[in-house]
Amino acid sequence: MSEVFRAFDPRIRREVAIKVLPPTLAKFGDRLHRFEQEARAVGALNHPNLLTIFDTGNADGRPYIVTELLEGHTLRSLLRENGSAIRLPLRKAVDYGIQIANGLAAAHERGIVHRDLKPENLFVTRDGRVKILDFGVAKLRSTDDAGLTDEKTMEQDTSPGTVIGTVGYMSPEQVRGQAVDARSDLFSLGTLLYEMVAGAHPFRGDSPADTMSSILREDPPDLTALNPNVTPGLERVIRHCMEKSPDQRFQSARDLAFQLDMLSSSSGTAPTLESRFSDRWNPPLVGLLGAIALLLAGAAGGWFLSGRQGSSAPRMRFTPVTYADGIEMQPALAPDGETFVFTHGSGTSADIYLQRVNGRNAINLTKRCATESDSQPAFSPDGSTIAYRSECDGGGVFLMGATGESTRRITNSGFNPSWSPDGKEIVVGSESVTLTPTSRGELSELWIVNAASGERRLLLTKDGVQPNWSPHGTRIAYWGLAGESAQRDIWTIDPTAKDPASTVEQVTSDLAVDWNPVWSPDGQYLYYGSDRSGAMTMWRVPMDERSGKPRGEPEAITTPARFSAHYSPSRSGTRLLYAAVEQTESLSRVAFDPVAGATVGTPSPVIGGSFLVFSSQVSPDGRFVAVTNRGGQEDLFVVEVATGEIRQLTNDPDRDRGATWSPDGKKIYFYSQRDANRYEIWSINADGSALARVTHTSGRSVWYPTLSPDARTLAFYNDEHTFLLDLAQPTPTLSTLPAAMQGSRPSLNSWSADSTMLAGELRGSPGIVIYLVKERTYRRITQSGARPIWLPGGHEILFSDGGKLHIVNADTNAVREVTTPLSVTAMSLSADGKTLVYSDRQTEADVWMASAEIVE
């Protein structure tokens, strides 16, 4: 209904597409409304699987929309070959399904239902990214929080009795002209998935009326009859999308994306989808049921018990128990299972709240220390006392009554406290862990503290964090780094032994990040978080509590969250609380004036949505950004700043992190545990060729390389030292920087323009320091701040402090604040100092409850 032009925008030096509604069509109210609605709907969204709108307007009575220019093919053209329908490879079809579901989830969360999902409205770019197009008949929620106007959709688009959509891809409720919601789009997506893997449409008729009748009354033919390679698990997912009743389908696009993701990336140790799935129940619930061996109530073991013997069938229910905006996490159930405490907020604003499981009003228990963080609560076995970490009064582990009274500190160090079963002792780690198991700053010891006297005894000198005491007191589970390697595994230790170190048993041993172990109430299982299936979700492994050894292989437990953490089971075993975490992240670029010390103009997006960034650095010429992602498989990517086009350089199970460019922009350095099971420095050409290992060190893993501007010296560091590798020598030589001031360990990774100085931080000591390479000396130039970057000229350093940007003169130590409306922490800068790329991470977390109910 419109004309589309290929155009060049000289302001941003980028090719774009301009969609124009001709005057002959603009005079028709329905066409104009549909055109305007698409601009309004898509303009409110920002997701890599949705078409990006740059601008809208009206020129001489001709409405227009300026969008990104896509190059590739519609899904329809990919499903046709020589005029005949074909099917796609299963892996590709599932990948497309995941991307479409993620795009729909972004739209649904803003109150937008597409209502016309079909192959013609799905575009696959040359790099395999799926884009959802044409929101012209979308149903828009008219609320401010959706970022839309209060103008209602036209009556003929939303009134009951009106059929909106494309025959063959409508949901039953669309065919009937009934009100639709997000679940209607999931039916359409199920139809698309069926067509992609079968090479045929699931609902066929000789006329549109026959097709619509088929949608209402008939089940699609068996997929395996059309494609014998379709697994039972995939067929069940697709059929679940196409249930006639919306209540029996997936209830959200995120749930569908999660199930498809699990299906595509499940490992050999994870149960296949069909073993965790039932046509009768919602998939997130059934995933948990299929993974948990439910015992009967009198057995006094396990959790999520069925409740009684006989014909009762266990069934799980998931419900959110906190609803506030922001971050609610670290739940701890009281022994009676009726109340719980949790942490709300982040940074210095975090407090501990008390709430009834079935209540809505939470009580702040730690508001006495308003300017410091209180977190990591744990109920004593009798429920009378809460142990927690606080930064108040210098920090430490504190105790308070169950309603916040009688606060006292028992030790000035320690994190993530866990009570012994008799309530007499508490085990803590010397390093804190919240939601980032992939980032660890240093080795952590385990200490046991007497709850009455505060007397401490050392339990473990090797790495251990997030300890959890077993229900009978015989073992403590924890996770940590496996020796000198980069693996994050789970272990157990006997706290009662004369030589505890000799009793350590390893529970997991693989490349997955395994963390956050929690014992089941009977000691028969360890539940923990792991990304071994792609998403960070819950797993369990059967255990012998007395020996601390596993009795079998790990198995997955599906929860309705892409990232779950902080598990807390009730003593009865019928309830479990956990934190369901959703994170989005975007990389943006903005012009920067290093002389004036100011950002210039409006930021432009580079990449965003569900792509979570571990690290990023803009190329010396400002045209590209090297990115390493976090979560699941961690790989190296190059993103073109002007177009957002992504090129993947590595694609394997090894974790690739900390990308940085060579001065000429031809090579990228990063650190990876490939080939050594501990992090070493690697390099790869910017086009993806010539992958090579650069360092061959021993001891602790090494991280974050950065090459000097003269390309002669590579700097990198670990949790003990900063190193320099002289690449100018025929055989590169390695040197270790001297100890820093006050014994603090240096982390230096920004070179001055003349390659004579390094800037960085001192762990354990605040502020920015510079290291003079020839003099082999340090000099502190600020008393606070982080992430320093040398500016061109070599006399000033850009750094962040409290979300604000500052510039410090390295000669005079004079500091000036950068003029910008942005709040920036993680950032990188082009070599000329004129392009600033920064990340914006948004985290939302709520406490959820999984509970067992009885189905007669």
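Quick note: structure is the one above.
Residues numbered from 1 in each chain as written. Predicted model: local features only at pLDDT ≥ 70, side-chain atom pairs only at ≥ 80, totals over all residues. Heavy atoms only, no water.

### Remarks on the overall build of the chain
Consideration 1: Looking only at helices and strands, the chain has 12 helices and 58 strands in total.
Consideration 2: Taking all 856 residues of the chain together, 57% fall into the buried category.
Consideration 3: If you sum the accessible surface of the chain, you get close to 34600 Å²; carbon and sulfur atoms cover 48% of it. (Helix = DSSP H or I, 4+ residues; strand = E, 2+ residues; numbered from the N terminus. Buried < 20%, exposed > 50% of the residue type's maximum accessible area, 1.4 Å probe, protein only. Areas by Shrake-Rupley, 256 points an atom, 1.4 Å probe, with all protein chains shown as cover.)

### A short note on unusual backbone geometry
Consideration 1: One non-glycine residue, Asn516, adopts positive backbone phi at about 60°.
Consideration 2: Looking at the secondary structure, you find Asn516 in strand 29 (residues 514–519).
Consideration 3: Residue classification places Asn516 among the buried positions, given a relative accessible area of 5%.
Consideration 4: The residue Ala711 is not glycine, and still its phi comes out positive at about 65°.

### Here's the deal with helix 10 (residues 232–241)
Consideration 1: Here helix 10 lies mainly inside the structure; 7 of its 10 residues are buried.
Consideration 2: Buried within helix 10 are the following residues: Gly233, Leu234, Glu235, Val237, Ile238, His240 and Cys241.

### Examining the packing of helix 4 (residues 90–109) against helix 7 (residues 182–198)
Consideration 1: Where helix 4 meets helix 7, the axes come as close as 10 Å, and the angle between the chain directions of the two elements is 165°. Here helix 7 runs roughly antiparallel to helix 4, going by the angle between their axes. Note on packing geometry: the crossing formed by helix 4 with helix 7 is right-handed. Counted together, Leu90, Ala93, Tyr96, Gly97, Ile100, Ala101, Leu104 and His108 of helix 4 and Ala182, Asp185, Leu189, Leu193, Met196 and Val197 of helix 7 form the full contact between these two elements.
Consideration 2: Taken together, the residues of the contact of helix 4 with helix 7 sort by class into 11 nonpolar, 2 polar and 1 charged. (Axes fitted to C-alpha atoms, helices over the stretch in contact; angles between N-to-C directions. Parallel < 35°, antiparallel > 145°, perpendicular 65-115°, else oblique. Left-handed = near helix turned anticlockwise from the far one by under 90°. Contact = heavy atoms within 4.5 Å. Nonpolar A, V, L, I, M, F, W, Y, C, P; charged D, E, K, R; others polar.)

### Digging into the pairing of strand 47 (residues 722–726)
Consideration 1: Taken across its 5 residues, strand 47 has 4 buried, putting it largely inside the fold.
Consideration 2: Of the strand pairs in this sheet, strand 46 (residues 713–717) and strand 47 are connected by 5 bridges, and their pairing is antiparallel. Bridged to Ala715 within strand 47 is Leu724.
Consideration 3: Hairpin connection of strand 46 to strand 47: 4 residues between the antiparallel strands.
Consideration 4: Across 4 bridges, the pairing between strand 47 and strand 48 (residues 733–736) is antiparallel. For Leu724, the partnering residue across the bridge sits in strand 48 and is Ser735.
Consideration 5: Turn length for the strand 47-strand 48 hairpin, with the two strands adjacent in sequence and antiparallel, is 6 residues. (Pairing = 2+ DSSP bridges.)

### Comments concerning the nonpolar core
Consideration 1: Ranked by internal contacts, the top residues of the largest apolar core, which has 50 residues, are Leu189 and Leu256.
Consideration 2: Looking at this core, the elements that each hand over two or more residues are helix 4, strand 9 (122–125), strand 10 (130–132), helix 7, helix 8 (208–217), helix 10 and helix 11 (253–265).
Consideration 3: Here this core takes 10 residues from helix 4, the largest share from any one element.
Consideration 4: Here Leu189 is in contact with Gly97, Ile100, Ala101, Leu104, Leu117 and Leu256, once residues within four sequence places are set aside.
Consideration 5: Ranked by size, the runner-up nonpolar core spans 27 residues in total, among them Met329, Trp515, Val541 and Met543. (Core = buried A, V, L, I, M, F, W, Y, C linked by side-chain atoms within 4.5 Å.)

### Quick look at the sheet that holds strand 43 (residues 680–685)
Paired through their backbone hydrogen bonds, the strands of a sheet run either parallel or antiparallel.
Consideration 1: Spatial strand order, 41-42-43-44: 4 strands in an open sheet with antiparallel pairing. On the outer flanks of this sheet lie strand 41 (656–661) and strand 44 (692–693), each paired with one strand and no other.
Consideration 2: Of the pairings in the sheet, the one linking strand 43 to strand 44 comprises 2 bridges and is antiparallel in character. Pairing of Trp682 across the sheet is with Arg693, part of strand 44.

### Let's talk about the pairing of strand 53 (residues 786–790)
Consideration 1: Looking at chain direction, strand 53 and strand 54 (residues 796–801) are connected through 3 bridges and run antiparallel. Paired with Ala786 across the strands is Ser800, a residue of strand 54.
Consideration 2: Here strand 53 hands over to strand 54 after 5 residues, with Gly793 in that stretch at a positive phi of 105°.

### Focus: the side chain of Asp656
Consideration 1: As for its position among the elements, Asp656 is in strand 41.
Consideration 2: By relative accessible area, which is 0% here, Asp656 ends up buried.
Consideration 3: In terms of polar contacts, Asp656 uses its side chain to reach the side chain of Thr650, at 2.7 Å. (Polar contact = N/O pair within 3.5 Å; in protein donor to acceptor, adjacent residues only side chain to side chain.)

### Quick notes on the environment of Gly480
Consideration 1: Following the sequence through the fold, Gly480 ends up in strand 26 (residues 476–481).
Consideration 2: On the basis of relative accessible area, Gly480 is assigned to the buried category, the value being 0%.
Consideration 3: When the C-alpha atoms of Gly480 and Glu445 are compared, they prove to be 9.9 Å apart, with 35 residues separating the residues in sequence.
Consideration 4: Residues in contact with Gly480, not counting those within four places in the same chain, are Arg440, Asp463, Gln487, Arg488, Asp489 and Trp491.

### Some remarks on the environment of Gln617
Consideration 1: Structurally, Gln617 is set in strand 37 (residues 613–618).
Consideration 2: Classification of Gln617 by relative accessible area gives partly exposed; the value is 23%.
Consideration 3: Taking C-alpha positions, Gln617 is 6.7 Å from Ala659, a pair spaced 42 residues apart along the chain.
Consideration 4: Residue contacts for Gln617: discarding those within four places in its chain leaves Phe624, Val625, Ala626, Ala659, Thr660, Trp661 and Ser828.

### Some points on the pattern of salt bridges
Consideration 1: All told, the structure shown has 26 salt bridges when counted by the stated rule.
Consideration 2: Put simply, Glu235 and Arg239 hold a salt bridge, and the shortest N to O gap is 3.3 Å. Of this pair, Glu235 and Arg239 are both found in helix 10, 4 residues apart, which corresponds to roughly one turn of the helix.
Consideration 3: The salt bridge partner of Asp656 is Arg674, with a shortest N-O separation of 2.8 Å. Taken together, the positions of Asp656 in strand 41 and Arg674 in the loop between strand 42 (667–672) and strand 43 put the pair 18 residues apart, joining distant regions of the chain. (Salt bridge = Lys/Arg side-chain N within 4 Å of Asp/Glu carboxyl O.)

### Points about the packing of aromatic side chains
Consideration 1: Counted by the stated rule, this structure contains 12 aromatic pairs.
Consideration 2: Connected via pairs of aromatic rings, a cluster forms that spans Tyr671, Tyr679, Trp703, Tyr704 and Tyr717.
Consideration 3: Lying over the aromatic face of Trp447, Arg456 brings its terminal NZ or CZ to 4.0 Å of the ring centre.
Consideration 4: The ring centre of Tyr525 lies 3.7 Å from the NZ or CZ of Arg540, which sits over that ring. (Phe/Tyr/Trp six-rings, centres within 6.5 Å; stacked < 30°, edge-to-face > 60°. Lys NZ or Arg CZ within 6 Å of the ring centre and 35° of its normal.)

### Here's the deal with helix 4
Consideration 1: Taking 1.5 Å of rise per residue, the 20 residues of helix 4 would be expected to cover 28 Å, and the 28 Å separating its terminal C-alpha atoms lies within 8% of that figure.
Consideration 2: The buried count for helix 4 comes to 15 of 20 residues, which makes it a mostly enclosed element.
Consideration 3: Where helix 4 terminates, the next one or two residues include Gly111, which has phi positive at roughly 80°. (Expected span 1.5 Å × (residues − 1).)

### Comments concerning the sheet that holds strand 23 (residues 446–450)
Consideration 1: Reading across the sheet, the 4 strands line up as 21-22-23-24 and stay open at both edges, with antiparallel pairing between neighbours. The sheet is open, and its two edges are formed by strand 21 (415–419) and strand 24 (456–460), each paired on a single side. Each adjacent strand pair in this sheet contributes to an overall mean axis angle of 30°, direction not counted.
Consideration 2: When strand 21 meets strand 22 (residues 425–429), the two strands line up antiparallel, connected through 3 bridges. Residue Phe415 lies in a different strand from strand 22, and its bridge partner there is Gly429.

What is shown is where atoms sit, not what they do.
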